[in-house]
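# Commentary on secondary and tertiary structure
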Amino acid sequence: MATTVNIIVGSHVWVEDRDTAWVDGEVTKVNGEKIEVQTTSGKKVVANLSNVYPKDTEAPPAGVDDMTKLSYLHEPGVLQNLATRYELNEIYTYTGNILIAVNPFRRLPHLYDTHMMEQYKGATFGELSPHVFAVADAAYRAMINEGKSNSILVSGESGAGKTETTKMLMRYLAYMGGRAATEGRTVEQQVLESNPVLEAFGNAKTVRNNNSSRFGKFVELQFDKTGRISGAAVRTYLLERSRVCQLSDPERNYHCFYLLCAAPPEDIKRYKLGNPKSFHYLNQTNCYELDGVSDAEEYLNTRKAMDIVGISPEEQDSIFRVVAAILHLGNINFTKGKEVDSSMPKDDKSRFHLEMAAELLMCNVQGLENALCKRVMVTREETIIKSLDPDAATTNRDALAKTIYSRMFDWIVEKINNSIGQDPDSKNLIGVLDIYGFESFKANSFEQFCINFTNEKLQQHFNQHVFKMEQEEYTKEEINWSYIEFVDNQDVLDLIEKKPGGIIALLDEACMFPKSTHETFTQKLYQTFNNHKRFSKPKLSRTDFTIVHYAGDVTYQADLFLDKNKDYVVAEHQDLLNASKCPFVAGLFPPLPEESSKSSKFSSIGTRFKQQLQSLMETLSSTEPHYIRCVKPNNILKPAIFENQNVIQQLRCGGVLEAIRISCAGYPTRRTFDEFLDRFGLLAPEVLEGNYDEMTACEKLLEKKGLKGFQIGKTKVFLRAGQMAELDARRAEVISNAAKVIQRQIRTYIARKEFVALRKAATHLQTLWRGKLARKLYEEIKREAAAIKIQKNVRGYHARKTYTKLRLSAIVVQAALRAMAARNEFRFRKQTKAAIIIQAQWRGHRSYSYYKSMKRAGLSVQCAWRSKVARKELRKLKMAARETGALKEAKDKLEKKVEELTWRLQLEKRLRTDLEEAKAQDIAKLQLSLQAMQVQLDEANATLVKEREAARKAIEDAPPVIKEMPVVVVDTEKVDLLTNENEELKTLLKSQEKRADEAERKCAEVQELSEERLKKMEEAESKIDQLQESFQRLEEKLSNLESENQVLRQQALVMSPTKGLSGRSKTAVIQRSPENGHLLNGEIKATADLQSPVPALKDAAEAEQRPQKALNDRQQENQDALIKCIMQDIGFSGGRPVAASIIYKSLFHWRSFEAERTNVFDRIIQIIGSAIETQENNDVLAYWLSNTSTLLLLLQRTLKASGAAGMTPQRRRSSSATLFGRMAQGFRTSPSGTGLSFSNGGMIGGLDALRQIEAKYPALLFKQQLTAYVEKIYGMIRDNLKKEISPLLGLCIQAPRTSRASLVRGSARSHANAAAQQALIGHWQSIVKSLSNFLKTLRANYVPPFLVRKVYTQIFSFINVQLFNSLLLRRECCSFSNGEYVKAGLAELEHWCYEATEEYVGTAWDELKHIRQAVGFLVIHQKPKKSLDEITHDLCPVLSIQQLYRISTMYWDDKYGTHSVAPDVIASMRVLMTEDSNNALSNSFLLDDDSSIPFSVDDISKSMNQIDLSEIEPPPLIRQNSAFNFLLPRAE
């Protein structure tokens, strides 16, 4: 595939690398056939031109979703594209119609949810991003449309994700063709539920995968004529039997063995099991557990899965007994027996396991020992019993274990098929093949031989399919070509399977001769295929042989080929297990035919496998194939690691590179005309200047460049291998020359710029020198002026200083005097204010204390009274609850809440009372202590006064000279003592004042706490009031429900046929009282009782019937006239629907709402139903939506459920006994009572004057049916608009591509270019036109604006979902130019919303927030400079990380060539997504459309304006009928 043309210096190429398979670089030197390449890794490589591939430097940074779009379809290009997409979590890629799936090794639930299935449902293959659902949908559509069966072939090596891919295919096919089963589970559910069982018994851990399928599985899903799954079958191929007995480290045996060892203790005890390390069949490796997997849980899950697929508990027990028996068989060791070449169990441990195996298999112990240690040979003359040596006995033991396990697995598969059931009448099927991939290990045995033989067969089928697709592509484009030839692998298949000289035939022949060994077999192969080009003999081995497969050479070790190919049915084993007491075990070994039961019969596994494979190929040949190639990116099974060498080997083994080679043999490069001209139009500008169409322009361009062998198709240019590289080289040369011209002009510009800058610098230097001289002169003049100014300022300073000092002295004196006067005034005002404050505080305290006491008393009285009323209501509610239990649970909850709140209220009261008492006690104590201190202080002052008086008197009475000094001393000491006591008392008083302040502070805190609790108590009381109101509403609803139930029961009684019902009683049923129109049931029953024994009253009754019958006939005529009128489109009057008005007025006038039986409602509903049968006529739908919504509004505001008077008296009494009940009853009833009618002018005052009517069952049923029709008509109108704009949305998400040939090249094309620009926005204008026409229809029919807003809100939400999902699923839509296109279209929608006004559109524009922000992100510049915080908070706050990540990775700038966001931002997004997936959050990046009804009857009632029915003119048909005079407007 490599090309040797047009590799020049500067070319970007791919060269081989030992570590990374391929590495890119730039050619630095060309020397004949050798080139030197500077790689991006920094190394210099010398390579041959024949081993170098050109690199596409203009490849999209995010890769392409279909590798046939690659400019260079070669091995490194394919590898680079897969690696690029894998790094962006794009695990699916197309190669034509082949899907390549790279295992992400992580859960990606957002890729497989139901909404993603909905997106791919019916989508054209290749229209959306590559996905496994697209392949499944293509297969399903092909089966439905063409009536031909299809198959999906999933292949890949172990660990590539084949099983998971198969599960996803099954899920999608079940989603498309599933239906509910009559017996519980559907067919597809049973097929999916069988996977855990098959995985438990057919999967094992290998070197490359922890859950590798060790068998091939072909699931046939059978479909009926309608495309629904009607049956299924599971076919299995070549279970790896040898794994039961032989393991290699670090692999494991089949999962079921480990699951059973981790079973519950009772199961382990029953089967005598233990640690897996104690069993020979499990301890051959060191791997016993899987990371992150609990075998105990998996055992229980497997049990549940076996229950689901129909395996009974007895059969499950038998299966696990057989599994345990196999483990015990493996622990039976043999030693030499007493006789020559005989054997026997080695020790007691081996005999224990022998006995346990016999017990579990329910067979004879001795018989099992003989079957293992002896062989019976039957000849014509006699029967010979031959003893086996220990080695032969061990081989015999392993053969028995493998046979038992293989037959058990086949039984499980057959049981699953029987449980699922097959459809014998099915004509079509879709088969999903989960088959092992090509295997090549260091040691390859018989299993690898069979696996690779299977892959050779499938590869031949694959090559034929690819070759056929190539032919169809060329034929479709109508190009002339000679059919390509591809290397067929038929010679390898003949080497393996040809009779009589193939490898399998020779192997069967060797197995049938007892003396044949693996050496004789390989020698036979060497002799037979000595000159075969696909067969070779290794040099250093005598028992190995090598086959050249399509994916590479594989060397097989033939040591065990003969043993593994033999499938002997040993007679001893057959007889022993057929005689088992366990029916399950006996069923695994049914009796053999008589001629084969006496000896061992040879059966070849290779031949049987070849027959199964042939049958599979016949099935695949009869179906239309689809291919999925699974790739494992690394061998360590970790995410985000892409190993090039590993992947390239898998691509070779999967045949992907073979398909590419087939494409390269023809025309590997295919480009649409516009893409080709966009890329290579610069090679021939004159061709683009000419008035040529795109096809002619492409042809002339290629002819001008002298290329030969190309082909021009209908829509594409087809180039031979190497021609794309040649054109790219010439394009690079043209671009290089253009770059040189640009560089020359730039250099000239730079030189001139430098000269101008130098001249400007010289001029600037001169200017600076002249400026310096001028500044020096200016400085001298400035200094002289400054000296004069300084002198003037100094003199002024001294004068100002003297004046300021004098002035300050005067101010100080004045300030002192004024301050003294102000302080005196302030001291007086402060004392006055303090006195006022003290008086105010005391008065406030006294008033507030009185107010609090009165408030507490009032609250206590109110709480006591409310509690009494609540308890009284509770007793009444309990009495009413005995009659109905519908709302008992709600009532109990309310009672509990009331009791709880009452208790909390009492507790709050008690706490508040306690706190107030404690506060009062503290205050009393503080007041007492304060009074005591005051008394002490008064006593001390009194004592001090007395002592002073006594001292004064003593001084006066004493001699003046002699006694003077002692008295003074004594008095001074007393004064000092009293002074100290006074100081102590003052200190004590201060401490008491502090304690009083502290007590006041605590009192204030307690008061605040009490106020808070008082607030809480008030809130609790308000909650109690709310609960009482809620309880009242529930009572009313319960009363309505009871009345409706009673009406239904009466209706049932009336409708039930009774033989004794006479004509008199039937007449009595429809009689009404003239006052209120209700049935006089009591009077009727009394009349009937009197009439039956008195025959004389018969004539009187008949006389009463005659006028009643005439009245009924007149009423029927009036109803017919009404129905005839509303069947016509009678339009609107003053914006109000006439039909709804006359229907409501007529029914109200006739008292139909209060009738027990009437058929007028059914007739009206039938008229509405027949009118909307034409779902496409939006005008009719809008007309009836307006009428039904208006009529529903009138009924909602007029009707109420009947209270069922006389049926539930207790409930009615209780509902009106409370305050709320009396208020509600007062609101419901009006003084006018029954006197309101429509005669002579209808309802005065419009809807406000409507009275509530006690509606009967027919009226309530009519209201419910009318509600259903409003919702149905609304949904039909909304869906019609969706259907109308849905095809346009697919055109609006992607801008039509314009090639270079259609760009402006002169004035001659200006008009055509303007028309093309106008056509770009045409699809959006079509949507706007549809929206406008729709709005016009709705407004013409006066549909309530509330419903119009709801319609457009959901329509804009639908537009947002469709555009946004298409943007995320189609990479070509995530471009800069496409963002501009969609943004222009959204501007058209915004302009329409502005013109339509908010009354009809509401907030519909806000529903487009996702697509608006996504498009805004596409068209912003400098994306690499935006941080993640700016993107998530400023630019796109509504979009999730998953959505931003997908847009960022899919973005490509087709206009300016700019890049997406920075790599570190992408990495941060990936980290956030990983954290989200670890937290099990939803990772879905798609939006879901909401098709529910977004309103209720209450919403309509609240949003619609009041309707005045008084001035509506009836239609002529009604106006002429005198019976409808009540509809005429009132005369002034």
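Residues numbered from 1 in each chain as written. Predicted model: local features only at pLDDT ≥ 70, side-chain atom pairs only at ≥ 80, totals over all residues. Heavy atoms only, no water.

### What to know about the sheet that holds strand E4 (residues 44-48)
Strand order in the open sheet formed by 5 strands is E4-E3-E2-E1-E5, with antiparallel pairing between adjacent strands. What marks the edges here is a single partner per strand, and that holds for E4 and strand E5 (53-54). (Pairing = 2+ DSSP bridges. Helix = DSSP H or I, 4+ residues; strand = E, 2+ residues; numbered from the N terminus.)

### Notes on the pairing of strand E7 (residues 98-102)
Most of E7 sits out of view: 5 of its 5 residues are buried. Here E7 shows two buried faces, one formed by Ile-98, Ile-100 and Val-102 and the other by Leu-99 and Ala-101. Of the pairings in the sheet, the one linking strand E6 (residues 92-95) to E7 comprises 4 bridges and is antiparallel in character. Following the sheet pairing, Tyr-94 is matched in E7 by Leu-99. With antiparallel pairing between neighbouring strands as the criterion, E6 and E7 make up a hairpin whose turn holds 2 residues, including Gly-96 at a positive phi of roughly 70°. Taken together, the 5 bridges between E7 and strand E21 (residues 624-631) define a ladder with parallel strand orientation. Bridging across to E21, Ala-101 finds its partner in Cys-630. (Buried < 20%, exposed > 50% of the residue type's maximum accessible area, 1.4 Å probe, protein only.)

### Focus on helix H4 (residues 162-177)
Spanning 16 residues, H4 covers 22 Å between terminal C-alpha atoms, matching the ideal 22 Å at 1.5 Å per step. Counting buried residues along H4, 12 of its 16 residues qualify, which places the element largely inside the surrounding structure. (Expected span 1.5 Å × (residues − 1).)

### As for the nonpolar core
Judged by nonpolar contacts, the single largest core of 241 residues is most densely connected at Phe-201, Phe-257 and Tyr-1352. Each residue touching Tyr-1352, except ones within four places of it in the same chain, is listed here: Leu-1281, Leu-1331, Phe-1334, Leu-1335, Leu-1338, Trp-1392, Tyr-1400 and Ala-1404. (Core = buried A, V, L, I, M, F, W, Y, C linked by side-chain atoms within 4.5 Å. Contact = heavy atoms within 4.5 Å.)

### Side note on the packing of aromatic side chains
On inspection of all chains with the given rule, the structure shows 36 aromatic pairs. For the pair Tyr-140 and Phe-223, a centre-to-centre distance of 5.8 Å together with 65° between the ring planes defines the contact as edge-to-face. Remark: Phe-223 occurs in strand E11 (residues 216-223) and Tyr-140 occurs in helix H3 (residues 132-146); sequence separation between them is 83 residues. For Tyr-140, a relative accessible area of 7% gives the class buried. (Phe/Tyr/Trp six-rings, centres within 6.5 Å; stacked < 30°, edge-to-face > 60°.)

### Here's the deal with the confidence of the model for the protein chain
When the pLDDT values of the protein chain are averaged, the result is 79; 84% of them are 70 or greater. Of the regions scoring below 50 in pLDDT, residues 961-970 engages in 3 contacts with residues more than four places distant in sequence or in other chains. The model gives residues 1299-1310 a pLDDT under 50, and that stretch makes 21 contacts with residues more than four places away or in other chains. (pLDDT = per-residue confidence, 0-100.)

### What to know about unusual backbone geometry
If you check the backbone angles, Phe-105 has positive phi at about 55° while not being a glycine. If you check the backbone angles, Ala-640 has positive phi at about 65° while not being a glycine. Structurally, Ala-640 can be placed in the loop between E21 and helix H21 (644-653). Owing to a relative accessible area of 62%, Ala-640 belongs among the exposed residues under this scheme.

### Some points on a positive patch on the surface
Residues Lys-868, Arg-871, Lys-872 and Arg-875 make up a contiguous surface patch of positive charge. Assignment of secondary structure puts Lys-872 in helix H26 (residues 723-881). (Patch = residues over 30% accessible without salt bridge, like charges linked within 9 Å, V, L, I, M, F, W, Y side chains within 5 Å. Areas by Shrake-Rupley, 256 points an atom, 1.4 Å probe, with all protein chains shown as cover. Salt bridge = Lys/Arg side-chain N within 4 Å of Asp/Glu carboxyl O. Lys, Arg positive; Asp, Glu negative; His and termini not counted. Charge placed at Lys NZ, Arg CZ, Asp CG, Glu CD.)

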